[in-house]
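Notes for the structure review
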Amino acid sequence: MKNKLTISLLTIAIGLTACNSNHANSSAGSDSTANSTDTTSYPPVETQKANSDYKPAFAGQTRIAGAKTKTAFEGKVIAEGLKSPWGIVALPDGRLLITEKEGDMRMVAADGKLSEPIKGIPAVNASGQGGLLGLRLDPNFGSNRMVYWVFADNTPAGTLTAVAKGKLSADDKSIEDAKVIYQATPAHKGNLHYGGRIVFDKEGNIVFSTGERSDLETRPLAQDLNAALGKILRITKEGQPASGNPFVGKANARPEIYSYGHRNPQGLAFHPETGDLWETEFGPRGGDELNRIQAGNNYGWPTITYGIEYKGDKVGAGIQQKEGLEQPVYYWDPVLSPSGITFYTGQNIPEWKNNLFICGLSSTHIARIILKDNKVVGEERLLGNEGQRFRDITQGSDGALYAITDLGRLYKIDKK
Ligand SMILES: [Ca+2]
């Protein structure tokens, strides 16, 4: 493994040398404190043919101007050997807590050393896209040591997306008193589109995502307010519908629903300044989306969507826009396969302030998205030379970004 690590670091070093010469050229004569809206001089990063000739609803909804980071930065592999890591959070002491799809959690120390699997986590169904998925620490983790996670749960009727919680033991070796607090029914006999990302809102409620389970029979449930599939849900730490939810007290609607019409959302993050909830979801072929989530809104799937079915047909009636259904802030055709996302609030790379970083699986890069007035104004591809499917990203307590990949690497991304 040591040889592999050396080689990968060498690859990064070579890649960065190439990048840096570009930076030098592009920043010649410019102010080193370039602001984040300095994007106009670069072509869009996407140059491949789109899957359809669908037209965006507004200018800048796809293939926005490219951006280039001027501050020299690097992505270093600080750990390898994780088994299909899926979710990552930073612990207050600088360590990282990571889920592995097959059902384990591990800690990674600042020097990259992996812990043994943490015991006490209930069994997950890891077939297909299922498993142990996103995780988040309690906002009061420092005093209560509570951890919350999303996973694919087994029931007699099939599998479903569920949320559980438990207390990290004082010796960090186990989760104590693990308890399932929410099951997103109906269950389905399938193993795709579980959603699976989880965040805490400022009131201390859990906000998490569920997929519509992919199959044609379950797909319409994304529009059904009596089903928890294809939704963003908002619940208390005890698994009850959170107060203030948009459908509380409404007939024929579940009170835990926050927004609906989602396909397979795997990215959730709150904007550090506006407080808005931002989401990424896997669309069909050519229809991956970035959305700004507002309570009660319908985000369209499967009634409207960009992109086409993976087998080539149009999706449903083949429409992309409809009154009353939300448009994505941005979409990708071809797709990124967007998984975990995070906003940057670190100090080391000022031009990244409040930018959104999106892990791309099939695209094998991290997308850096510059937002202004709730629109995308710039896009950059990071770590594209690594050949990695990026699964989740978070900001460490040191302000650096940390990203995990399906091949089991942990990258630290920071100023060089
Ligand atoms: Ca949509």
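Here the structure is a predicted model, which means the values were calculated and not measured.

Structural notes on the sheet that holds strand 8 (residues 175-188)
Strands sit in the order 5-6-7-8 across an open sheet of 4 strands; the sheet is antiparallel. Here the strands that pair on one side only, and so sit at the sheet edges, are strand 5 (132-137) and strand 8. Strand-to-strand twist in this sheet, taken as the mean axis angle between neighbours without regard to direction, amounts to 25°. Inspection of the sheet shows strand 6 (residues 146-155) paired to strand 7 (residues 158-168) by 10 bridges, in the antiparallel sense. Bridging from a neighbouring strand, V150 pairs with V163 of strand 7.

A closer look at the pairing of strand 11 (residues 231-235)
Most of strand 11 is tucked away: 5 of the 5 residues are buried. Both faces of strand 11 are covered, namely the face carrying K231, L233 and I235 and the face carrying I232 and R234. In this sheet, strand 11 lies alongside strand 10 (residues 206-209) in antiparallel orientation, the contact comprising 4 bridges. The residue of strand 11 that forms the bridge with I206 is I235. With 3 bridges connecting them, strand 11 and strand 12 (residues 257-260) associate as antiparallel partners. Paired with L233 across the bridge in strand 12 is I257.

Notes on the confidence of the model for the protein chain
This prediction gives the protein chain a mean pLDDT of 92; 90% of its residues lie at or above 70. Within the model, pLDDT remains below 50 along residues 1-37, and this stretch shows 31 contacts once partners closer than five positions in the same chain are excluded.

A look at the nonpolar core
Membership of the largest hydrophobic core comes to 94 residues, with the highest contact counts inside it found for F151, V163, I358, I366, I393, Y402 and A403. If one sorts the elements of this core by residue count, strand 6 sits on top with 6 residues. Contact partners of Y402, with chain neighbours within four places excluded, come to I88, L96, I393, T394, G396, L410, Y411 and K412.

Observations regarding the environment of E386
Among the secondary structure elements, E386 is positioned in the loop between strand 20 (375-382) and strand 21 (390-395). Along the backbone, E386 and G75 are 311 residues apart, and their C-alpha atoms lie at a distance of 9.4 Å.

Quick look at the sheet that holds strand 19 (residues 366-372)
Read from one edge of the open sheet, 4 strands run 17-18-19-20, paired in antiparallel fashion. Two strands in the sheet have a free side with no partner beyond their single neighbour: strand 17 (338-343) and strand 20. Here the strands of the sheet are splayed against their neighbours by 25° on average, with no regard to which way each runs.

Section: the pairing of strand 5
Taking burial as the measure, the 6 residues of strand 5 include 5 buried ones, the bulk of the element. Two strands pair when backbone bridges link them, and strand 5 and strand 6 are joined in this way by 4 bridges, in the antiparallel orientation. Pairing of L132 across the sheet is with F151, part of strand 6.

Basis of the calculations
Residues numbered from 1 in each chain as written. Predicted model: local features only at pLDDT ≥ 70, side-chain atom pairs only at ≥ 80, totals over all residues. Pairing = 2+ DSSP bridges. Helix = DSSP H or I, 4+ residues; strand = E, 2+ residues; numbered from the N terminus. Axes fitted to C-alpha atoms, helices over the stretch in contact; angles between N-to-C directions. Buried ≥ 20, exposed ≤ 12 C-beta atoms within 10 Å, placed from the backbone. pLDDT = per-residue confidence, 0-100. Contact = placed C-beta atoms within 7 Å. Core = buried A, V, L, I, M, F, W, Y, C linked by C-beta atoms within 7 Å.

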